[in-house]
Structure formats: C-alpha cells, structure tokens
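This is what each chain is made of:
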Amino acid sequence: NGNAKGRNISDSTIEKRSKVNVLIDDRKVEKGDIIEIPVMRESGQTIYGMQVEWQTSGLIIREVRDGAMEIGMEEYVIRDVHHSGMSIALPEGKSVSKNEVMFIMEVEAVRSGRLSDMIQLSETVNPEVYVTDMETKDLAISWREKAETDFSVIGTTPNPWNTNTQI
C-alpha cells in the first residue's frame, strides 16, 4: 500500500536519470490519412531494450514495423486504438546510429492536426531505454520541424511532354 520504509532511505531520495530522445518529424496530417511515422534515434548508441507506451489523440495506431530494431508481434501490444505498449529486449544490443529509423508506427488520422499534438508518451508505463553498460535512461520525444512547402508545376510546354519539358 506504499507505506514501507527501508533503512537509510529518506523521503527526499530522488532518482535522477539523463534522457534519451527519440526523434519524430512533426507534420500536419489530415483526417483519413494513413501515414507511417518513422521513430529515429536523436544520437547514436547501443540499445539493449526499451519500454514505452505510446498514447495518441486523434490517431489510431494500426501497426508497428521493423526499422533498425526488429519488432516482433510479441514485443508490442495495441491495448486499444489510442494506446500501444512496447517492451523490447535486445540481449546482444543493437547499435543505432544518429537519425537511423528504429521502428515505424503506422497510424490513421481520425482528425486533422499536428503529430506533436497527437502523440505522447503515457506515464502508465515508465518510458525508459537501456543503453551501453545496461544504464537505464528516461525516454522522451524530440520533435523535428520540417519545412512544409507546396510544390506545383504550372505551364509545362509542350504538354503532354515525352523526353523533356520546359518549366
């Protein structure tokens, strides 16, 4: 019931850990879009495991697929359409380079919005990663802003074109 007190442990004992960030490109999504979200490492390191629960608002988690890390169906569970838990163990360790895709989440947007407003780490499971020397570090999301530009080609001649065109 939370009332146990050990010897030499005070109420002021606080565990401080450094953080490891996963990197996700932030972008706008439209209702009805089915998109792949690559989850990357912000910096390179050997990973021995991780535990996390992804919580979404306005997105339905459909699937989690391999990137640099092999994600089997036994390593993740979609608890409901807005929660996906992952518990990954890599006894040999997996070296993941900076900006390398660790795994990919496939989601469906049920409303329009920005990914950074629609995905977060749930506190139900303590989000953590186990790195070199089996050190436990907190896991956090770092959102990378990508420039969103509209591109269109207007007035190509000749139209239709075959081997070349003038823009």
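Scroll up for the structure.
Before going into details, it helps to say that this report is about the structure given with it. Predicted model, so just to flag it, every value in this text is computed and none were measured.

Calculation criteria
Residues numbered from 1 in each chain as written. Predicted model: local features only at pLDDT ≥ 70, side-chain atom pairs only at ≥ 80, totals over all residues. Heavy atoms only, no water. Helix = DSSP H or I, 4+ residues; strand = E, 2+ residues; numbered from the N terminus. Buried < 20%, exposed > 50% of the residue type's maximum accessible area, 1.4 Å probe, protein only. Contact = heavy atoms within 4.5 Å. Pairing = 2+ DSSP bridges. Salt bridge = Lys/Arg side-chain N within 4 Å of Asp/Glu carboxyl O. Core = buried A, V, L, I, M, F, W, Y, C linked by side-chain atoms within 4.5 Å.

Let us look at the environment of glycine 93. For glycine 93, the position within the fold is in strand 7 (residues 83-96). Classification of glycine 93 as partly exposed rests on a relative accessible area of 24%. Glycine 93 sits 48 residues away from glutamine 45 along the chain, and the two C-alpha atoms are 9.7 Å apart. In contact with glycine 93, other than residues within four places in its own chain, are Thr46, Ile47 and Tyr48.

Relative to strand 7, strand 6 (residues 76-80) is paired through four bridges, and the arrangement is antiparallel. Residue pairing in the sheet places isoleucine 78 in a bridge with serine 84 of strand 7. The loop that links strand 6 with its antiparallel partner strand 7 comprises two residues.

Time to look at the pattern of salt bridges. In this structure the tally under the stated criterion is eight salt bridges. The partner of glutamate 63 in a salt bridge is arginine 65, and the shortest N-O contact between them spans 3.3 Å. Residue glutamate 63 is classed as partly exposed on the basis of its relative accessible area of 30%. In this structure, glutamate 145 and arginine 114 form a salt bridge, with 3.4 Å as the shortest nitrogen-oxygen distance. Of this pair, glutamate 145 sits in strand 12 (residues 135-145) while arginine 114 sits in strand 9 (residues 113-114), placing them 31 residues apart in sequence. The structure contains a network of salt bridges with shared partners spanning Glu36, Arg62, Glu63, Arg65, Glu106 and Glu108.

On to the nonpolar core, then. The tendency in soluble globular proteins is for nonpolar side chains to be buried side by side. Within the largest apolar cluster, 34 residues are counted, with the highest numbers of intra-cluster contacts made by Met50, Trp54, Met69, Met86 and Phe103. Looking at which element gives the most residues to this core, the answer is strand 8 (residues 101-109), with five residues. Setting aside residues up to four positions removed in sequence, methionine 69 forms contacts with Ile47, Met50, Ile88, Leu90, Lys94, Val96 and Met102.

So, about unusual backbone geometry. Most peptide bonds take the trans form, and the phi angle of most residues other than glycine is negative. With a phi close to 65°, asparagine 99 is a non-glycine residue in the positive phi region. Note on placement: asparagine 99 falls in the loop between strand 7 and strand 8.

Honestly, it's all geometry; don't read function into it.
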